[in-house]
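Structural description and commentary
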Amino acid sequence: MNMQKISDNDLVKLFQKDNNAALEELIRRHKKSIFTAIYLLVKNRSLAEDIFQESFIKIIQTLRSGNYNEEGKFVGWAVRVARNLTIDYLRKINKDVTITDSQGNDLFSYLVVAETQNKEDKIIQYQTEQQIKQLVLNLPEEQKQVVILRHWANLSFKEIAAQTGVSVNTALGRMRYALANIRKQLSESQVHLG
Amino acid sequence: MTKNYTSNDLLLYYYGELDQALTNDLAIELLRNSSLQEQYNFMVQEISCLNTLSESPSDSSVELVLAYAKANQKNGSLIGLTHP
């Protein structure tokens, strides 16, 4: 069976019938979106790894228990599970997770890429990516939330509005402010888009 | 009469959330209104920079999750996880 051609909803149904290859395909498809969403919330790679694992344990339990009744997008629901676990965790430790210097991982990935491509271009690209990452991490919480839910969790603005208890126009406004913030700060740092 | 499109409409258009009639109308409007087109291109550039951000979990995290799924299926009970 070619899993790559099967829809998310059908993969969920297959997994509920104990087909683990279906879960593997769901993870392959969405691990970056889900992990990026978690990472942008906790700002710490090691913690994001823990929450990623815990989120999938909860996802597996929910799917197997037959309590999954999402008619919509699997990834939107999965990010919501991850987001709720993240919030629970942050409440539990009762403090903000500080931005840690993740030089180990990032430097490694940079060095690996730099070996195969033009070093100067890769340095610029790497610096730009780090800068954008930092800008997104530092967005006001409500703007960051909308960006994560729309761009990585693939929720519609209507779904975001319902989930965050605001109007659709407010959700749209927050997204626009977030984009304008990012552009303004990139422009101040003389990084050009496009 | 042509609708005056707002930045919110452009965002909804980009993410495919406008209804079909408005989508068609806005697509035509973008072709003939250079100022609106410029505004849209500007916004697309802003959103595109988000695409440069993509974090991936470690392979060991994924393996742990899959191991959990298999063990959970076989035993019908939860197993403890240790982080790598």
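Residues numbered from 1 in each chain as written. Chains lettered and ligands numbered in written order. Predicted model: local features only at pLDDT ≥ 70, side-chain atom pairs only at ≥ 80, totals over all residues. Heavy atoms only, no water.

1. A short note on the pattern of salt bridges
- Under the criterion given, the structure shown has 12 salt bridges over all chains.
- In this structure, the salt-bridge partner of Glu25 of chain A is Arg28 of chain A, at a minimum N-O distance of 2.7 Å. Placement of the pair is Glu25 of chain A and Arg28 of chain A together in helix α2 (residues 20-42), with a separation of 3 residues, close to one helical turn.
- Overall, Arg28 of chain A belongs to the partly exposed group, its relative accessible area being 46%.
- When the shortest N-O distance is used, the salt bridge between Arg32 of chain B and Glu29 of chain B registers 3.2 Å. Here Arg32 of chain B and its partner Glu29 of chain B are both found in helix α2 (residues 20-32), 3 residues apart, which amounts to about one turn of the helix. (Salt bridge = Lys/Arg side-chain N within 4 Å of Asp/Glu carboxyl O. Helix = DSSP H or I, 4+ residues; strand = E, 2+ residues; numbered from the N terminus. Buried < 20%, exposed > 50% of the residue type's maximum accessible area, 1.4 Å probe, protein only.)

2. Structural notes on the packing of helix α9 (residues 168-188) of chain A against helix α3 (residues 34-50) of chain B
- Between α9 of chain A and α3 of chain B, whose axes approach to 10 Å, the crossing angle comes to 80 degrees. Comparing their axes, α3 of chain B and α9 of chain A come out roughly perpendicular. Residues Met175, Leu179, Ala180, Ile182, Arg183 and Leu186 of chain A of α9 of chain A form the contact with α3 of chain B, whose participating residues are Phe42, Met43, Gln45, Glu46, Ile47, Cys49 and Leu50 of chain B.
- Per-class residue counts for the contact of α9 of chain A with α3 of chain B are 10 nonpolar, 1 polar and 2 charged. (Axes fitted to C-alpha atoms, helices over the stretch in contact; angles between N-to-C directions. Parallel < 35°, antiparallel > 145°, perpendicular 65-115°, else oblique. Contact = heavy atoms within 4.5 Å. Nonpolar A, V, L, I, M, F, W, Y, C, P; charged D, E, K, R; others polar.)

3. So, the packing of aromatic side chains
- By the definition in use, this model includes 7 aromatic pairs over all chains.
- Their ring planes at 55 degrees and their centres at 5.1 Å tell us that Phe52 of chain A and Phe56 of chain A sit as a pair that is tilted. Note that Phe52 of chain A and Phe56 of chain A are positioned in helix α3 (residues 45-65) at a spacing of 4 residues, about one turn of the helix.
- Since its relative accessible area comes to 0%, Phe52 of chain A is described here as buried.
- Seen from their ring centres, Tyr13 of chain B and Tyr40 of chain B are 5.4 Å apart, and the 70 degrees between their planes marks the pair as edge-to-face. Residue Tyr13 of chain B is located in helix α1 (residues 7-14), and its partner Tyr40 of chain B is located in helix α3; the two are separated by 27 residues in the primary sequence.
- For Tyr40 of chain B, a relative accessible area of 15% corresponds to the buried category.
- Through pairs of rings, three or more aromatic residues link up here, namely Phe35, Phe52 and Phe56 of chain A. (Phe/Tyr/Trp six-rings, centres within 6.5 Å; stacked < 30°, edge-to-face > 60°.)

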